[in-house]
Amino acid sequence: MAAAPTYILGIETSCDETAAAVVRRDDEGRGELLSNVVLSQLKEHAPFGGVVPEIAARAHVIHLDRLIEQSMAEAKLNFNELSAVAATAGPGLLGGLIVGLTAGKAITMAHDLPFLAINHLEGHALTPRLLSDCEFPYLLLLISGGHTQFQLVEGVGHYKRLGTTIDDALGEAFDKTAKLLGLGYPGGPRVEAYSKRGNAKRFDFPRPLKGRNDCNFSFSGLKTAVRETVNNLGTLSDTDVADICASFELAVVETLVDRLTRAFARFNEMHPNVRKPTLVVAGGVAANAKLRQAIELTCAKHNFTLNVPPFHLCTDNAAMIAWAGAERLALGLTDDIAFKARPRWPLDSVSAPIYGSGRLGAKA
Ligand code: KG4
Ligand code: ZN
């Protein structure tokens, strides 16, 4: 076990957020967030309707050093007071990963510190333990722009993927629907806003994989159905847009509830002795109010406790990378400075590969 308390600098550059954070972990494993700086590149990517890898990598290069300095200043620490540096090594966009890894490695070399190469998904998976007592095992539902997965979290470094998307990620489905409707990027919040005044019963969109005996997701058929509806309608009125958004959202909610019910059953089969299991939800799509309500109700119905970290820790950030680093350091799981970026890096290395699972290569 590492000497306590430990202070970890985390760096996150896997997609379109440039982020640095410092966490403290005490000798009993309790976490404290000392600083958390996130710079979103939304404006840079918005004109293109999605994340452009080259633009993302360049923006990380421009901003990362300053953000690291800011996070250290806010934490009131010098580099030589750190216990280790943790940087996201994958999955994600190669250019961005290299920027963050190189910065993290340089700091560890200059100050003779241990280095931790973190799986971005492990960051999401362990986040609730930074702020609360969240005992292993628990179920993780990750719903973001790049990933849509169920993971069984049994311990630090012990994950079992129960299901994943076989095509688009859920956030991606929201973004693509918004794009088809001309609502701009990112689409999730805009689709949600329109859906509030729409008629969810007007269009009977598919509920992909509903009733299937696994925990996977699929959203490309739903997107195709939206596209066909848009094409058939021709010119769209404001009411048409609102009705499509509401019908789309309802299809997503019903699909998610069905998949969640499967995942709960799988969890209970695998861990029959856990009396009141926990579901952790992470990712930007967790901001959607209707989805949140549906998840809350489904948890209550199946006797699961819901743990959703605060929104700024659900979306991409470096606090989760620093915390995953702190948990790994406590177990002596440091990495070699030669560790290379892994654009595709499944959290659960045993699961069979699934073609096309999310735009960031979450697939095994
Ligand atoms: O976790 P996140 O911030 O980052 C990435 O995956 O990069 O998730 C962003 C995704 C986007 O696809 C966005 O459209 C979606 O989360 N999102 C939402 C909402 N807010 C953000 N989707 C549905 N409803 C929302 N209110
Ligand atoms: Zn993420």
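Residues numbered from 1 in each chain as written. Chains lettered and ligands numbered in written order. Predicted model: local features only at pLDDT ≥ 70, side-chain atom pairs only at ≥ 80, totals over all residues. Heavy atoms only, no water.

**Examining the nonpolar core**
Our working definition: Nonpolar core, defined: a set of buried Ala, Val, Leu, Ile, Met, Phe, Trp, Tyr and Cys residues in which side-chain atoms within 4.5 Å join the residues together. Partly exposed residues are those whose accessible area sits between 20% and 50% of the maximum for their type, while under 20% is buried and over 50% is exposed, using a 1.4 Å probe and protein chains only. Secondary structure follows DSSP: runs of H or I at least 4 residues long count as helices, runs of E at least 2 residues long count as strands, and numbering of each begins at the N terminus. Pairs of residues are marked as contacts when any of their non-hydrogen atoms sit within 4.5 Å.
With 43 residues, the main nonpolar core has Leu 139, Leu 141, Phe 150, Leu 170, Phe 205, Phe 248 and Leu 279 as its most contacted residues. Going through the elements one at a time, β6 (138-143), β7 (148-155), α6 (170-180), α8 (220-233), α9 (238-270), β9 (278-282) and α10 (289-301) are the ones with two or more residues in this core. Of the residues forming this core, the biggest block, 12 residues, is contributed by α9. What Leu 170 contacts, discounting residues up to four positions off in sequence, is Ile 143, Ser 144, Thr 148, Phe 219, Val 252, Leu 256, Val 285 and Leu 291. Judged by nonpolar contacts, the second largest core, of 32 residues, contains Ala 21, Leu 130, Val 280 and Ala 324.

**Remarks on the site of ligand 1**
Quick note on the threshold: In this text, near means that some heavy atom of the residue lies within 4 Å of the molecule or strand in question. Pairs of N or O atoms within 3.5 Å make up the polar contacts considered here, provided that, within protein, one atom can donate a hydrogen while the other can accept it, and that residues adjacent in sequence are counted only when both atoms are side-chain atoms. Computed by Shrake-Rupley with a 1.4 Å probe, the accessible areas treat only the displayed protein chains as cover when residues are assessed.
Among the 20 residues in the neighbourhood of ligand 1, the closest are listed as Gly 145, Asp 175, Gly 188, Glu 192 and Gly 284. Asp 175 has a polar side-chain atom sitting 2.6 Å from an oxygen atom of ligand 1. Residue Gly 284 places a main-chain N or O atom 2.9 Å away from an oxygen atom belonging to ligand 1. Considering ligand 1 on its own, with 560 Å² of exposed area, one finds that the protein chains cover 90% of that surface. Of all the elements in the fold, those that place two or more residues in the shell around ligand 1 are α6 and α7 (187-195).

**Some details on the packing of α9 against α10**
Our working definition: Angular values range over 0 to 180 degrees, each being the angle between N-to-C directions of two axes fitted as lines to C-alpha atoms, with helices fitted over their stretch in contact. Each angle is binned into one of four classes, with values under 35 degrees roughly parallel, values over 145 roughly antiparallel, values of 65 to 115 roughly perpendicular, and all other values oblique. Put simply, a crossing is left-handed when the front helix is turned counterclockwise from the back one by less than a right angle, and right-handed when it is turned clockwise. Side-chain classes are defined by residue name, with Ala, Val, Leu, Ile, Met, Phe, Trp, Tyr, Cys and Pro counting as nonpolar, Asp, Glu, Lys and Arg as charged, and the others, Gly among them, as polar.
Where α9 meets α10, the axes come as close as 10 Å, and the angle between the chain directions of the two elements is 30 degrees. In terms of orientation, α9 and α10 fall into the roughly parallel class. Classified by chirality, the crossing of α10 by α9 is right-handed. Residue-level contacts link Glu 249, Val 252, Val 253, Leu 256, Val 257, Leu 260, Thr 261 and Phe 264 of α9 to Lys 290, Leu 291, Ala 294, Ile 295, Thr 298 and Cys 299 of α10. Looking at side-chain class alone, the contact of α9 with α10 contains 10 nonpolar, 2 polar and 2 charged residues.

**Looking at the domain arrangement of the chain**
Rule in force here: Each domain's limits were defined by an automated method or a database of domain assignments. Summed over both partners, the accessible surface that disappears when two parts come together, traced with a 1.4 Å probe, is what is meant by buried area. A carboxyl oxygen of Asp or Glu within 4 Å of a side-chain nitrogen of Lys or Arg is what we treat as a salt bridge.
Per the domain assignment, the segments of the chain are domain 1 (6-127 + 312-346) and domain 2 (138-308). Of the residues lining the interface, 20 residues belong to domain 1; the matching set on domain 2 comes to 17 residues. Where domain 1 abuts domain 2, roughly 1,400 Å² becomes buried across the two surfaces, and 71% of that area is made up of carbon and sulfur atoms. On the surface where domain 1 and domain 2 come into contact, there are 0 salt bridges. Taken together, the connections running from domain 1 to domain 2 amount to 4 residue pairs in polar contact (both at pLDDT 80 or more). Elements supplying a minimum of two residues to the side of domain 1 that touches domain 2: α1 (42-45), α4 (120-126) and α12 (319-330). If you tally residues by element for the side of domain 1 that touches domain 2, the top one is α4, at 6 residues. Of the residues in the side of domain 1 that touches domain 2, the class split is 10 nonpolar, 6 polar and 4 charged.

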